[in-house]
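An overview of the molecular structure
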Amino acid sequence: MDDKPITDNATFAEAWDAPKTGALDQAELDRLTDELVTALKTVFDPEIPVDIYELGLIYKVDVSDDRDVVVEMTLTAPGCPVAGEMPGWVEDAVRTVPGIKSARANLVFDPPWDPSRMSDEAKLQLNMF
């Protein structure tokens with residue numbers, strides 16, 4: 001399909017139904033998801049002996065068809081002493097995944113983090129049962 005401008009409904013329908021180039025297939029997306037989770041589990045809050053994934057600090061991970069990754073994350077408290085450093089740690093961890101082109105971590109505080117976001121594994125490690 002060429003890059004002609006879409007000027008009528010038939011051309012639009014043809015463009016919409018055309019196979020998308022560069023899109024991640026499900027197997028590749030599954031592989032990236034598993035490897036991204038593994039990479040995120042290498043990042044720890046220095047004050048808590050549990051990784052940020054199990055703590056529930058990762059709210060969202062978006063992977064584009066071009067393999068650019070954007071992570072939406074939070075901290076256990078807005079005044080966390082590593083607030084300026086942790087997004088960089090997350091970006092560095094994500095970039096270790098083979099095939100990832102770029103990584104960006106954005107801090108968000110809405111909704112605020114609370115202990116209910118922790119996995120059972122994290123609660124067990126912290127004796128919170």
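Numbering of residues starts from 1 in each chain and follows the order in which that chain's sequence is written. Thresholds applied to this predicted model are a pLDDT of at least 70 for local features of residues and 80 or more for the giving and counting of side-chain atom pairs; totals over whole chains, interfaces and linings are not thresholded and use all residues. Values reported for side chains reflect all heavy atoms of the structure, with hydrogen atoms and water molecules removed beforehand.

**Some thoughts on the overall build of the chain**
So the rule is basically this: Labels follow the DSSP assignment, with helices taken as runs of H or I lasting at least four residues and strands as runs of E lasting at least two, numbered in each case from the N terminus. In what follows, residue pairs with any heavy atoms lying within 4.5 Å of each other are defined as contacts. Calculation of accessible area relied on Shrake-Rupley with a 1.4 Å probe; when residues are assessed, cover is drawn exclusively from the protein chains displayed.
Of regular secondary structure, the chain possesses 5 helices and 3 strands. Of the regular secondary structure in the chain, the N- to C-terminal order runs α-α-α-β-β-α-β-α. In the chain, once contacts between residues fewer than 6 apart in sequence are set aside, the share between residues at least 24 apart is 58%. Surface summary for the chain: the accessible area is close to 8000 Å², and the carbon and sulfur share equals 53%.

**Details of the pairing of strand β3 (residues 102-107)**
The test is simple: Here a strand pair is declared whenever DSSP counts at least two bridges between the two strands. Orient the strands so they point away from the viewer, and a crossover whose first-strand-to-second-strand path over the helix runs clockwise is right-handed.
Bridge analysis of strand β2 (residues 68-73) against β3 gives 6 bridges, and the strand direction is parallel. Among the inter-strand pairings, Val 71 is bridged to a residue of β3, identified as Ala 105. For the segment spanning β2, helix α4 (residues 86-95) and β3, crossover handedness is right-handed.

**Observations regarding unusual backbone geometry**
Omega for the bond connecting Asp 110 with Pro 111 falls within 30 degrees of zero, at 5 degrees, which places this linkage in the cis form. Assignment of secondary structure puts Pro 111 in the loop between β3 and α5 (120-125). Backbone geometry places Arg 67, a non-glycine residue, at a positive phi of 70 degrees. With respect to the secondary-structure elements, Arg 67 resides in the loop between β1 (58-63) and β2. Positive phi, normally seen in glycine, also occurs at Asn 127, with a value near 55 degrees.

**Describing the sheet that holds β2**
Formally: Here an axis means a line fitted to C-alpha atoms, over the contact stretch when the element is a helix, while the angle between two N-to-C directions is reported on a 0 to 180 degree scale.
If you trace the 3 strands from one edge of the open sheet to the other, you get β1-β2-β3, paired in mixed fashion. The sheet is open, and its two edges are formed by β1 and β3, each paired on a single side. Taken pair by pair, the neighbouring strands of this sheet meet at an average axis angle of 15 degrees, ignoring direction. Across the sheet, α4 touches β2 and β3, and the angle it forms with β3 is around 150 degrees.

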